[in-house]
Amino acid sequence: MQSLAARWFGVGHSTASDSAKAGAEAASAALSGRTAKVVLVFPSPHHDLPALLDAVRAEAGPDAAVVGGTTLGELSSVAGATMGGVVVSALGGAGFDIRTRIAYVGGNGHREAGADVARAMIGMDRPYTALMLICEGMSGNPQEIVRGAYSVLGATVPLVGGLAGNNTGRRSHQFHDDRVVSGAVVGVAIGSDAPLGVGIAHGWHRVEPPMVITRSDQGRLYELDGEPALDVLMRRRGVTRPDELFSNNTKLQAIGLSRRSGEDIRIILGADEADRSVYGLATLPQGAVCWLMDSRHESMIAEAATSCQEALAGLGGQPPIGVLTFDCGGRRGALGEDGIREEAAAIGAALPDTPFGGFYTMGEIARVRGSLGTHSLTLVTMALA
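In what follows, the accompanying structure is described. (Residues numbered from 1 in each chain as written. Predicted model: local features only at pLDDT ≥ 70, side-chain atom pairs only at ≥ 80, totals over all residues. Heavy atoms only, no water.)

## Some points on the overall build of the chain
Reasoning step 1: Scanning the chain from N- to C-terminus turns up eight helices and 26 strands.
Reasoning step 2: On C-alpha atoms alone, the chain measures out to a radius of gyration of 20 Å, which is about the 21 Å that the 2.2 N^0.38 rule sets for 385 residues.
Reasoning step 3: Expressed as lengths along the three principal axes of its C-alpha atoms, the size of the chain is roughly 65 × 40 × 40 Å.
Reasoning step 4: Expressed as a percentage of the 385 residues in the chain, the buried residues total 58%.
Reasoning step 5: In the chain, once contacts between residues fewer than 6 apart in sequence are set aside, the share between residues at least 24 apart is 79%.
Reasoning step 6: Accessible surface computed for the chain: about 14500 Å², of which carbon and sulfur atoms make up 48%.
Reasoning step 7: Seen as two clouds, the 32 positive and the 40 negative side-chain charges of the chain have centres 4 Å apart. (Helix = DSSP H or I, 4+ residues; strand = E, 2+ residues; numbered from the N terminus. Rg over C-alpha atoms; globule rule 2.2 N^0.38 Å. Buried < 20%, exposed > 50% of the residue type's maximum accessible area, 1.4 Å probe, protein only. Contact = heavy atoms within 4.5 Å. Areas by Shrake-Rupley, 256 points an atom, 1.4 Å probe, with all protein chains shown as cover. Lys, Arg positive; Asp, Glu negative; His and termini not counted. Charge placed at Lys NZ, Arg CZ, Asp CG, Glu CD.)

This is the structure:
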């Protein structure tokens, strides 16, 4: 049995309908009587969030940092994939330093909010570090949050995390210092005496030929190869009406931006028939080379395991104590209910005897090289030794 000083990672998962009960059950299971440095709370937005957080705090005690955000679904080694539940992940023991910070995108903007929370890392004196970002999912421009954090930390500190979700179309919620807020970026600076590994994989593939984004403005795409973007997408997808592109949540229109390491995927959420444009949440940079992206069920399942294997490889042979998972809500829609159970099983098989916990996001954050680090339709994992 581990001593109280040993490094540990715990996960709890509750589907209780009573919010206080759900928070208490999940937190109690994650903590198992131990004192945590940080408690990460990922509940459905349909819970009574203040009551749930109060119950988590009662289990965690006064000293642990309690942070998190609402989800498009929950994912753990305890109960697999759920909707309407809560996952709590906690870590503690020797060799961890945790600092948290919150900033709001409505004040100085996305980039400054990212830079602000990144300052939680200043003075961190551990050999391995990472900054986790839990962000408002409905404010757009998540890449600017990442750029802001990168401007403070540079290339040496990995970034991981996700955009908090709300499937009602309203703003999502973030948690910090026992408060439920919206429009925020929560930063969790992690310092560790043992390695941290990051995995990024998606299982989508290019559909040739490539295209050039010839006119765009942030997340709005006006022209591809000099033609109206909506007309190009309809022709390439073989449909005659714009609503056929977005008729249900399994018809995801994905565009991949060319990167040295592969593609960064952007989801197209809708179209404007008046100006023949299409739009998403993340920036589609003018002049970029891009592809339509498609997926196969088996590839998406296989790449879930690949993400976990990449994260474990970053530990340099040391055994993992746990893994945090940030999975795209769009993958959940594409895979369907049977598919997400397969995905959870594939993650479990790639992480034998290792607890994992996290949530389905509105977009994923993972930066291990360069200043770019926002993703869609991707599973991001962070393993801790």
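## Topic: the packing of helix α4 (residues 110-118) against helix α5 (residues 142-153)
Any two packed helices are characterised by the angle at which their axes cross and by the distance between the axes.
Reasoning step 1: α5 packs onto α4 with a crossing angle of 45° between their chain directions and a minimal axis gap of 6 Å. With respect to α5, the axis of α4 lies oblique. In this structure, α4 crosses over α5, and the sense of that crossing is right-handed. Two secondary-structure elements touch here, α4 through His110, Arg111, Gly114, Ala115 and Ala118 and α5 through Glu144, Ile145, Arg147, Gly148, Ala149, Ser151, Val152 and Leu153. (Axes fitted to C-alpha atoms, helices over the stretch in contact; angles between N-to-C directions. Parallel < 35°, antiparallel > 145°, perpendicular 65-115°, else oblique. Left-handed = near helix turned anticlockwise from the far one by under 90°.)

## Side note on the pattern of salt bridges
Reasoning step 1: Going through the model one piece at a time under the given rule, you end up with 16 salt bridges.
Reasoning step 2: Its salt-bridge partner being Arg126, residue Asp97 comes within 3.1 Å of it at the nearest N-O pair. Residue Asp97 is located in strand β7 (residues 96-104), and its partner Arg126 is located in the loop between α4 and β8 (128-135); the two are separated by 29 residues in the primary sequence.
Reasoning step 3: A relative accessible area of 24% places Arg126 in the partly exposed class.
Reasoning step 4: Salt-bridge contacts for Asp231 lead to Arg276; the nearest nitrogen and oxygen are separated by 2.8 Å. With a gap of 45 residues between them, Asp231 in helix α6 (residues 229-237) and Arg276 in the loop between β19 (270-272) and β20 (277-279) connect regions that are remote in the sequence.
Reasoning step 5: Looking at Asp231, the relative accessible area reads 26%, which means it is partly exposed.
Reasoning step 6: Counted as one network, the salt bridges with shared partners bring together Asp97, Arg126 and Asp193. (Salt bridge = Lys/Arg side-chain N within 4 Å of Asp/Glu carboxyl O.)

## As for the environment of Ala201
Reasoning step 1: You can see Ala201 is positioned in strand β13 (residues 196-201).
Reasoning step 2: Measuring from C-alpha to C-alpha, the distance between Ala201 and Ile145 comes to 21 Å, with 56 residues separating the pair along the chain.
Reasoning step 3: With residues near it in sequence (within four places) discarded, Ala201 still touches Glu303, Thr306, Ser307, Arg331, Thr378 and Leu379.

## Quick notes on the pairing of β8
As a general feature of sheets, a regular strand has side chains that alternate between the two faces.
Reasoning step 1: When you tally the buried positions in β8, you get seven out of eight residues, the bulk of the element.
Reasoning step 2: Across eight bridges, β8 lies against strand β12 (residues 184-192) in antiparallel orientation. In the strand pairing of β12, Leu133 is matched with Gly187.
Reasoning step 3: Relative to strand β9 (residues 159-163), β8 runs parallel, the two being bridged by five bridges. Its bridge partner lying in β9, Cys135 is registered against Leu163.
Reasoning step 4: In this fold, β8 hands off to α5, which returns the chain to β9; that crossover is right-handed. (Pairing = 2+ DSSP bridges. Right-handed = clockwise from strand over helix to strand, strands pointing away.)

## Focus: the sheet that holds strand β25 (residues 374-375)
Working definition: the strands of a sheet are paired by backbone hydrogen bonds and lie parallel or antiparallel to each other.
Reasoning step 1: Strand order in the open sheet formed by six strands is β7-β12-β8-β9-β24-β25, and the pairing between neighbours is mixed. Lying at the two open borders of the sheet, with one neighbouring strand each, are β7 and β25.
Reasoning step 2: In this structure, strand β24 (residues 364-367) lies alongside β25, joined through two bridges in antiparallel fashion. Residue pairing for β25: Glu364 is matched across the bridge by His375.
Reasoning step 3: Contacting β7, β8 and β12, α4 runs over the sheet at an angle of about 155° to β7.
Reasoning step 4: With respect to the sheet, α5 is in contact with β8, β9, β12, β24 and β25, its orientation differing from that of β8 by roughly 150°.

## Looking at helix α7 (residues 297-313)
Reasoning step 1: Helix length check: α7 (17 residues) gives 25 Å between terminal C-alpha atoms against 24 Å at 1.5 Å per residue, within 8%.
Reasoning step 2: Along α7, the residues that are buried comprise Ser299, Met300, Ile301, Ala304, Ala305, Ser307, Cys308 and Ala311.
Reasoning step 3: Packed against the buried residues of α7 are β13, β14 (204-217), β21 (289-295), α8 (329-350) and β26 (379-384). (Expected span 1.5 Å × (residues − 1).)

## Considerations on the packing of α7 against α8
Reasoning step 1: Two numbers describe how α7 lies on α8: the axes approach to 9 Å, and their chain directions differ by 40°. Considering the angle they form, α7 stands oblique to α8. Read as a crossing pair, α7 and α8 show a hand that is right-handed. Contacts from His297, Met300, Ile301, Ala304, Ala305, Cys308 and Leu312 in α7 reach Arg331, Ala334, Leu335, Gly339, Glu342, Glu343, Ala346, Ile347 and Ala350 in α8.

## Looking at the packing of aromatic side chains
Reasoning step 1: With the rule as written, the count across this model stands at two aromatic pairs.
Reasoning step 2: Ring plane angle 25° and centroid distance 4.6 Å describe the contact between Phe42 and Phe359, whose orientation is recorded as stacked. Of the two residues, Phe42 is situated in strand β2 (residues 38-43) and Phe359 in strand β23 (residues 356-361); the sequence distance between them amounts to 317 residues. The two residues Phe42 and Phe359 agree in class, both being buried. (Phe/Tyr/Trp six-rings, centres within 6.5 Å; stacked < 30°, edge-to-face > 60°.)

## Describing the environment of Gly92
Reasoning step 1: Assignment of secondary structure puts Gly92 in strand β6 (residues 86-92).
Reasoning step 2: The class for Gly92 is buried, based on a relative accessible area of 0%.
Reasoning step 3: Between the C-alpha atom of Gly92 and that of Met234, which follows or precedes it by 142 residues, the distance is 51 Å.
Reasoning step 4: Ignoring any residue separated from it by four or fewer positions in sequence, one finds Gly92 in contact with Ala6, Arg7, Trp8, Thr35, Ala36 and Lys37.

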